[in-house]
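# Structural characterization, general
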Amino acid sequence: RPNRPQNQSVPSRGQNPDSSLSLSTRRELYERDFPVYKQPVEVGCFSLDSERRFFNDGRQMRYYVEPDRSPNFDLRDGYKDRFIKRDDSVKEKLDHMLRWILANRSKLSARGTTASSCDLDIDFVTWRGHLTKLLTAPYETREGWQLAVTRFRGTLYISEVETEAARRDQENRTERHEEMMYWGYKFEQYTCADTVHGQPDPGGVLNTNEAFCTVVQTRLADHRLLFSGEVDCRDKDPNAPAAPACYIELKTSAEICTPKQRSNFHRFKLLKWWAQSFLPGVPRVVAGFRDEEGVVVAMETFPISKISHLIKNEHNCWKPTVCMNFCSDFLSFVKHIATEDNPSVVYLLSWEPRRDVTFSVHRDSPYCFLPHWFVEEMTS
Ligand code: A3P
Ligand code: MG
Ligand code: MG
């Protein structure tokens, strides 16, 4: 709940000096009943091709092909000579989602036709990955975040801003870490085919520009959400349930050899896996456990609905209800502070572990992220 004293006006610009307009991430504050979270509905999808071009269709969808029980995939293969890495210095912000919204506006039109009705009938537009960071914040001890928010025609758009610390970490990555980031994508190449009856092609070039994204609509408490997230692959069985229930999230993780490693896996990794897939209603994670040399030595399927039971034996572990209640309260806080409806105003919400969420307001600044092409087409 926002700690806002009576009669205090929202500062119009610059840092919030006394931090009285802030939101706590302390876990105890969010241990109440699980909030309403409607079953997410897929309202569309889009694809990004090998050159990161947008298509309003599912052409980049892939199909999961179940491997042997101990498949011995070499995740290092091709790193040097068959890898095209997406340029992550290009900040895409919400652009792909905004393109999707313009192409599918009729599906999202408002209920009423009165001037006061919200144009999209949606409170928040964002990436799934940004919401994952909100869900895990009460348990995050290492990485903070900054989220830029703009209110435009009644809808709040949320787009991440890279923190200084994240930029430094990115510049100082070791060669080993750089290579290990490839391993997760390589695992996808070993387990996914491009067509429903096809086979994976681990000898091909791996290009991380390519992506298939689902767009889902749902509601958290009284917040109507529209967000998009990358989906790794789907069940190829023609009798599989409709999206998003047919989707599969692929993950790699270090093999677990000691009780301490198992405990850490439950406490940290399963939290991230759960949050990422629970949000869009993806029902399972298929994990490849790899050794130090990057060879997958075991496979395991984790149904998302069973993860909260798996962790219950862990002392002082994370709780799904804390994650969801914090996210809900964060969105209420945003609605409360981001009052000016103006595409060139950004409310910047900043958080560092062990601190409260604070914000500052910026007008016509480099933080502005709604592009002219979007603002103009939505206004006409
Ligand atoms: P793993 O998660 O198996 O390590 P996703 O699992 O979300 O589909 O992402 C696919 C892969 O992208 C990851 O596989 C990892 O290799 C890489 N990746 C994703 N997010 C990353 C991050 N924040 N830092 C480093 N690598 C990341
Ligand atoms: Mg993915
Ligand atoms: Mg994955």
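You'll find the structure just up there.
Described in the following lines is the structure provided in the data block. Note that the structure is predicted; figures quoted are calculated from it, not measured. (Residues numbered from 1 in each chain as written. Chains lettered and ligands numbered in written order. Predicted model: local features only at pLDDT ≥ 70, side-chain atom pairs only at ≥ 80, totals over all residues. Heavy atoms only, no water.)

### Topic: the site of ligand 1
Lining the immediate surroundings of ligand 1 are Met181, Gly184, Tyr185, Glu188, Asp232, Glu249, Leu250, Lys251, Thr252 and Gln276. Between an oxygen atom of ligand 1 and a side-chain N or O atom of aspartate 232, the distance comes to 3.1 Å. Within the backbone of leucine 250, a nitrogen or oxygen atom sits 3.5 Å from an oxygen atom of ligand 1. Notes on ligand 1: free accessible area 530 Å², of which the protein chains cover 63%. Those elements that place two or more of their residues in the shell around ligand 1 are helix H4 (175-191) and strand S13 (247-254). (Near = heavy atom within 4 Å. Polar contact = N/O pair within 3.5 Å; in protein donor to acceptor, adjacent residues only side chain to side chain. Areas by Shrake-Rupley, 256 points an atom, 1.4 Å probe, with all protein chains shown as cover. Helix = DSSP H or I, 4+ residues; strand = E, 2+ residues; numbered from the N terminus.)

### Regarding the coordination of the magnesium ion (ligand 3)
Taken together, the protein ligands of the magnesium ion (ligand 3) are Asp232 (OD), Glu249 (OE) and Leu250 (O), with distances of 2.0 to 2.2 Å. Each donor residue of the magnesium ion (ligand 3) belongs to the same chain, and together they define the spacing D-x16-E-L. In this structure, the magnesium ion (ligand 3) lies 3.7 Å away from the magnesium ion (ligand 2), the two metals sharing aspartate 232 as a donor. For the pair glutamate 249 and leucine 250, one class covers both residues: buried. (Donors = N, O, S within 2.8 Å, 3.2 Å for Na, K, Ca; no water. Buried < 20%, exposed > 50% of the residue type's maximum accessible area, 1.4 Å probe, protein only.)

### Describing the packing of helix H2 (residues 128-136) against helix H5 (residues 259-278)
Two elements in contact, H2 and H5, have axes separated by 9 Å at closest approach and are oriented at 135°. What the angle tells us is that H2 and H5 run oblique. For H2 against H5, the interelement crossing comes out right-handed. From H2, Arg128, Thr132, Leu135 and Thr136 reach across to H5, where they touch Leu271, Lys272, Trp274, Ala275 and Gln276. (Axes fitted to C-alpha atoms, helices over the stretch in contact; angles between N-to-C directions. Parallel < 35°, antiparallel > 145°, perpendicular 65-115°, else oblique. Left-handed = near helix turned anticlockwise from the far one by under 90°. Contact = heavy atoms within 4.5 Å.)

### Examining the pairing of strand S7 (residues 155-161)
With 6 of 7 residues buried, S7 lies mostly within the body of the structure. Pairing between strand S5 (residues 124-127) and S7: 2 bridges, direction parallel. The residue bridging valine 125 from the neighbouring strand is tyrosine 157, located in S7. Bridging between strand S6 (residues 145-152) and S7 involves 7 bridges; their strand directions are antiparallel. (Pairing = 2+ DSSP bridges.)

Keep in mind these values describe shape, not function.
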